[in-house]
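A look at the structure
Here's the letter readout for the chains.
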Amino acid sequence: MKKGQVYEATVERVDFPNKGIAHTGEGAVTVKNSLPGQKIRLGISKVRNGKAEGRLLEVLERSPLETEAPCSHFGVCGGCTYLSLPYEEQLRVKEEQVKRLLDACLEGQEVSWSWEGIKGSPKVYGYRNKMEFTFGDEVKDGPLTLGMHKRGSFYDVVTVDGCRIVDEDYSRILNTVLSYFGSCPGGSPVRYYHRMRHEGYLRHLVVRKASHTGEILAALVTSSQDPWGEADGYGKYGLGEYSEQENALIEGFLECLLKLEQEGSLCGRFAGIAHIVNDSKADVVQSDCTKVLYGKDYFYEELLGLRFKVSIFSFFQTNSYGAEVLYETAREYVGELGSDGDGVPDKVVFDLYSGTGTIAQMIASAARQVIGVEIVEEAVQAAVRNAEENGLDNCAFIAGDVLKVLDTIEEKPDFIILDPPRDGIHPKALPKIISYGVEQIVYISCKPTSLVRDLAEFRKGGYHVRRACCVDMFPGTANIETVVLLSNRKSKPDSYVDLSINMEDYHRN
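Attention here is on the structure that accompanies the text. (Residues numbered from 1 in each chain as written. Predicted model: local features only at pLDDT ≥ 70, side-chain atom pairs only at ≥ 80, totals over all residues. Heavy atoms only, no water.)

A look at the overall build of the protein chain
The condition is simple: Helix numbering and strand numbering both begin at the N terminus, where a helix is a DSSP run of H or I of at least 4 residues and a strand a DSSP run of E of at least 2. Radius of gyration means the value over C-alpha atoms here, while the globule rule gives 2.2 Å times the residue count to the 0.38 power. The cut-offs for exposure are 20% and 50% of the maximum accessible area for each residue type, with area from a 1.4 Å probe on protein chains only; residues under the lower value are buried, those over the upper are exposed, and the others partly exposed. Every residue pair with non-hydrogen atoms within 4.5 Å of one another is taken to be in contact. Computed with a 1.4 Å probe, the accessible areas rest on the Shrake-Rupley method; for each residue, only the protein chains presented here act as cover. Neither His nor the chain ends is counted toward charge; the positive residues are Lys and Arg and the negative residues Asp and Glu. The atoms used to mark charge sites are NZ of Lys, CZ of Arg, CG of Asp and CD of Glu.
Secondary structure assignment for the protein chain yields 10 helices and 22 strands. At 25 Å, the protein chain has a C-alpha radius of gyration in line with the 23 Å of a compact globule built from 509 residues. When the backbone C-alpha atoms are referred to their principal axes, the protein chain occupies close to 75 × 65 × 40 Å. In the protein chain, which comprises 509 residues, the share counted as buried stands at 53%. Partitioning the intrachain contacts of the protein chain with sequence separation of at least 6 by distance along the chain shows that 65% fall at a separation of at least 24. Of the accessible surface of the protein chain, which amounts to about 22,600 Å², a share of 47% is contributed by carbon and sulfur atoms. Counting 58 positive and 74 negative side-chain charges, the protein chain places the averaged centre of each group 6 Å from the other.

Dropping the structure here:
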């Protein structure tokens, strides 16, 4: 096969996260964003070391598994991959992806391990509790849009009115804000921020909604440049300072949102509305200056009987309903940690990459002490506040890089929980974690390819995989969470139980 050649083929399977494998008469080709069973036309884009990658040109025949996608933006918006598959098929595809990766990674493991399948999200639609919408245009010099990036495009933005992975309040807020800024308040169009020229004003709209309390946070993210491009340079009025015209613009934004609540157009209610100035050249949502225009900059969310304070920028699982399934699974994998002769918990647990401390607090009642380590300082501050709110005095949280912080902690763990970011554990941190020699480790991963890379190192360091399952936190998308229980080989051999599941029996049942 050569670059530029065009073939027709049927997609046999999809590897994580969205890599369709199609066989032509001359070999296999990886084609992103295709679905199992689709007959497609593809163009070869790269051939290297005998491996070919292709670009999806056209779907000639839909997969027999597909149904009509419930969202009109599916296939155009880059957010969802599997939305046209019935949910049970989405689960099957994701489960098979993770199982294939683990089977390859654990080949030759002398101790049997238990594959416990996949757990679905309690809600398939309207489950997300946070969205970061982007301002832009769908075509060059087209009208203002507000939504998600078009699939495969860095520039084009699709207005995702009616997005199915959030509830209706998100669409109402999106449409109201887009209508307001699209109507030329101030007499001339308000410029969106161009990500290559680094010019413009409107950048993002962040919306968070507590799934269990219904409270809403909304934040307009702009640059400090003049909204209409009439003033030269950055920050002419200084961060957090408005010209008279910009002040009127921001007040109008606030009024149009509050009017939604006053008219009863929202199912939830605003806990706070803010304006955030961000002059970073990177296409990220961050704050150089935040002004709370209404209410406060946080709300409370509830998970499994605990309360968590969530701000605009707090890291918090984006599917509260799925998070409860994930954390219950992790807690069950941790099991009974043990106690002293009086029945008082006596074990020390390290929660590495602890975020806002949700997992640490879930297991606090079973441990003498839980020590969380997290590099994001704001997340650590939130974890400390949340532990105090929940009356937990045996949780300690340290701000810093796991790689460096482990050298400073005098306590030695009896159990370790890992929940690293998508890239997995830093290669230099792995030997330090392994060197503690704890009997068991629970690893929670949001990227199975990073997980299997790290599991290979744990196996070299003397650990076996005992149990594994995945939890679908992101229906419609290609993402999946995986939970793995690792045991030290030094554990007694008779403690291992063969819990392996025959996959044909699993699906049949």
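Observations concerning the packing of helix 2 (residues 168-182) against helix 3 (residues 244-262)
The relative placement of two packed helices comes down to the angle between their axes together with the axis-to-axis distance. Applicable threshold: For helices, the fitted line uses only the C-alpha atoms of the stretch in contact; every axis is such a line through C-alpha atoms, and the angle between N-to-C directions lies from 0 to 180 degrees. Should the near helix be turned anticlockwise from the far one by less than a right angle, the crossing is left-handed, and should it be turned clockwise, the crossing is right-handed.
Running from amino to carboxyl end, helix 2 crosses helix 3 at an angle of 145 degrees, the nearest separation of the two axes being 10 Å. Classified by chirality, the crossing of helix 3 by helix 2 is right-handed. For the pair formed by helix 2 and helix 3, the contact residues are R172, I173, T176, V177, Y180 and F181 on the first element and A248, L249, G252, F253, C256, L257 and L260 on the second.

A short note on a positive patch on the surface
The cut-off we apply is this: Residues qualify for a patch when their relative accessible area is over 30% and they have no salt bridge, like charges being joined within 9 Å and the nonpolar side chains of Val, Leu, Ile, Met, Phe, Trp and Tyr within 5 Å. Counted as salt bridges are all cases of a side-chain nitrogen of Lys or Arg within 4 Å of a carboxyl oxygen of Asp or Glu.
The grouping of K19, K32, K46 and R48 at the surface amounts to a positive patch. Counting through the fold element by element, K19 comes out in strand 2 (residues 19-24).

A word on the pairing of strand 7 (residues 130-137)
For clarity, the threshold we go by: A pair of strands is treated as paired once DSSP finds two or more bridges between them.
A large share of strand 7 lies buried, amounting to 7 of its 8 residues. Looking at chain direction, strand 7 and strand 10 (residues 202-209) are connected through 5 bridges and run antiparallel. Along strand 10, the bridge assignment pairs K130 with R208. Examined bridge by bridge, strand 7 and strand 8 (residues 144-149) share 4 bridges and lie antiparallel to one another. Paired with G136 across the bridge in strand 8 is T145.

As for the pattern of salt bridges
Close approach of charged atoms lets side chains of opposite charge pair. Enumeration according to the criterion identifies 23 salt bridges in this entry. With a shortest N-O distance of 3.1 Å, D15 and R100 are connected by a salt bridge. In this pair, D15 is assigned in strand 1 (residues 6-15) and R100 in helix 1 (residues 87-105), connecting sequence segments 85 residues apart. Take D15: its relative accessible area is 21%, and that puts it in the partly exposed class. Here E58 and R41 are joined by a salt bridge, their closest N and O atoms 3.4 Å apart.

A word on the pairing of strand 22 (residues 481-488)
Most of strand 22 is tucked away: 8 of the 8 residues are buried. The alternating pattern of strand 22 places E481, V483, L485 and S487 and T482, V484, L486 and N488 on opposite faces, both of which are buried. The pairing of strand 20 (residues 440-445) with strand 22 spans 6 bridges and is antiparallel. Each bridged residue has a counterpart across the sheet, and for I444 the counterpart in strand 22 is V483. Pairing of strand 21 (residues 463-471) with strand 22 involves 8 bridges; the strand directions are antiparallel. Counterpart to V465 in the pairing with strand 22 is L486.

Digging into the nonpolar core
To be explicit about the condition: Here, nonpolar core means buried Ala, Val, Leu, Ile, Met, Phe, Trp, Tyr and Cys residues that are tied together by side-chain atoms lying within 4.5 Å of each other.
Judged by nonpolar contacts, the single largest core of 88 residues is most densely connected at F133, I173, V177, F181, L205, F253 and L257. Residue contributions to this core peak at 8 residues, all from helix 3. The residues touching F181, leaving out its near neighbours within four places in the chain, are F135, L144, V190, L202, L220, L249 and F253.

Here we look at the environment of L337
Along the chain, the position of L337 falls in the loop between helix 4 (320-334) and strand 16 (348-352). For the pair L337 and L60, spaced 277 residues apart in the sequence, the C-alpha separation amounts to 55 Å. When neighbours within four sequence positions are excluded, L337 is seen to be in contact with K347, V349, A366, A367 and F415.

Re the sheet that holds strand 7
Taken together, the 7 strands give an open sheet; going across it, the order is 9-8-7-10-11-12-13, and neighbouring strands pair in mixed fashion. Looking at which strands have only one partner, the edges of the open sheet turn out to be strand 9 (157-159) and strand 13 (289-295). Within the sheet, the average angular offset between the axes of one strand and its neighbour, ignoring direction, is 35 degrees. By the bridge criterion, 7 bridges tie strand 10 to strand 11 (residues 215-222) in an arrangement that is antiparallel. In the sheet register, K209 faces strand 11, and the bridge partner there is I216. Most of the contacts of helix 3 go to strand 12 (residues 269-277), to which it runs at about 160 degrees, and overall it touches strand 10, strand 11, strand 12 and strand 13.

Notes on the sheet that holds strand 3 (residues 27-32)
Backbone-to-backbone hydrogen bonds join strands into a sheet, with any given pair of strands oriented parallel or antiparallel. Taken in spatial order, the 5 strands close into a barrel running 1-2-3-5-4, and their pairing is mixed. Each adjacent strand pair in this sheet contributes to an overall mean axis angle of 50 degrees, direction not counted. Here strand 3 pairs with strand 5 (residues 51-61) via 3 bridges, running parallel. Looking at strand 5, one finds that V29 is bridged to A52.

Considering the side chain of T318
With respect to the helices, strands and loops of the structure, T318 is situated in the loop between strand 15 (306-311) and helix 4. Excluding its chain neighbours within four sequence positions, the residues that come into contact with T318 are Y127, R128, N129, K130 and F474.

From the geometry alone we can't say anything about function, so treat these as descriptive.
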